[in-house]
Amino acid sequence: MAAKVMFTAVADHGGKYGPFPSDTTLVFNTTITDIGGGYDKTSGEFTAPSSGYFYFTFFYHAGKEEMSGLTLMKNERIVVKTYDENKPGPNTCDNAGNAAFLQLNTGDRVYVRLPANCRIYASDRTTSFSGFMVAPM
């Protein structure tokens with residue numbers, strides 16, 4: 001029987017986070033759950049401790065005044081994205097998320113990037129990153 005692997009972490013950087021001039025790995029620095037030891041809250045990366053099929057989700061909150069978005073990455077490759085241009089209108093904030101099933105080998109890395117010139121809100125547990133092993137290979 002394979003060991004259980006699952007994590008949830010939130011980004012807590014005191015409020016508005018970004019924009020930055022280049023893509024930046026978002027560090028979800030507050031760990032809620034980390035069973036199996038795959039998530040590193042100092043780098044923001046999940047490293048697969050064993051090969052298997054995994055499910056990942058990420059969600060964010062952002063204010064209206066800046067473009068916002070996040071990108072799920074696997075070993076430097078884009079998996080899925082979220083994005084909002086925050087065009088003029090009556091809404092005052094944005095919430096978005098995405099998810100993906102991934103086949104990972106031991107040592108594969110999965111993380112979330114904040115695209116260049118985008119901003120999110122990183123406080124009050126509104127921006128999160130989670131993953132878990134669905135089945136071993």
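Parameters and conventions
Residues numbered from 1 in each chain as written. Predicted model: local features only at pLDDT ≥ 70, side-chain atom pairs only at ≥ 80, totals over all residues. Heavy atoms only, no water. Helix = DSSP H or I, 4+ residues; strand = E, 2+ residues; numbered from the N terminus. Contact = heavy atoms within 4.5 Å. Core = buried A, V, L, I, M, F, W, Y, C linked by side-chain atoms within 4.5 Å. Buried < 20%, exposed > 50% of the residue type's maximum accessible area, 1.4 Å probe, protein only. Phe/Tyr/Trp six-rings, centres within 6.5 Å; stacked < 30°, edge-to-face > 60°.

Q: Help me get a handle on the side chain of Ser123, residues and values and all.
A: Note that Ser123 resides in the loop between strand S12 (120-122) and strand S13 (128-136). Those residues within four positions of Ser123 in sequence are excluded, and the remaining contacts are Ala11, Asp12, Gly14 and Gly15.

Q: Describe in detail the nonpolar core, supporting the description with residues and values.
A: Formed by 29 residues in total, the largest nonpolar core has its most connected members in Phe46, Phe56, Leu72 and Phe129. It is strand S7 (residues 52-63) that provides the largest number of residues to this core, a total of five residues.

Q: So what's going on with the environment of Gly38? Residues and values would help.
A: Its place among the elements puts Gly38 in the loop between strand S4 (30-35) and strand S5 (39-40). Its relative accessible area of 6% is what places Gly38 among the buried residues. Residues Gly38 and Gly131, spaced 93 residues apart in sequence, show a C-alpha to C-alpha distance of 9.7 Å. Setting aside its immediate chain neighbours within four residues, Gly38 contacts Glu45, Phe46 and Thr47.

Q: How would you sum up the packing of aromatic side chains? Please name residues and give values.
A: Under the definition given, this model contains 13 aromatic pairs. Plain terms: the ring middles of Phe7 and Phe129 are 4.9 Å apart, the flat faces sit at 75° to each other, and that makes the pair edge-to-face. Of the two residues, Phe7 is situated in strand S1 (residues 6-10) and Phe129 in strand S13; the sequence distance between them amounts to 122 residues. For Phe129, a relative accessible area of 0% translates into the label buried. With centroids separated by 4.7 Å and ring planes inclined at 50°, the aromatic side chains of Tyr55 and Phe101 adopt a geometry described as tilted. Within this pair, whereas Tyr55 is found in strand S7, its partner Phe101 is found in strand S10 (residues 93-104), the two being separated by 46 residues in sequence. An aromatic cluster is built from Phe7, Phe28, Tyr39, Phe46, Phe54, Phe56 and Phe129, whose rings are joined through pairwise contacts.

Q: I'd love a proper account of the environment of Gly107, names of residues and values included.
A: Residue position: Gly107 is located in the loop between S10 and strand S11 (109-114). Look at Gly107 and you get partly exposed, because its relative accessible area is 40%. C-alpha separation for the pair Gly107 and Gly52, spaced 55 residues apart in sequence, amounts to 11 Å. Not counting residues up to four positions away in its chain, the partners in contact with Gly107 are Thr47 and Ala48.

Q: Can you explain unusual backbone geometry? Please cite residues and give values.
A: The amide bond that connects Gly18 to the next residue, Pro19, takes the cis arrangement and shows omega of 0°. Among the structural elements, Pro19 can be located in the loop between strand S2 (15-17) and strand S3 (24-25). Look at Asn75: it is not a glycine, yet its phi comes out positive at around 50°. By secondary structure assignment, the location of Asn75 is in the loop between strand S8 (68-74) and strand S9 (77-84). With a phi close to 70°, Asn117 is a non-glycine residue in the positive phi region. Among the secondary structure elements, Asn117 is positioned in the loop between S11 and S12.

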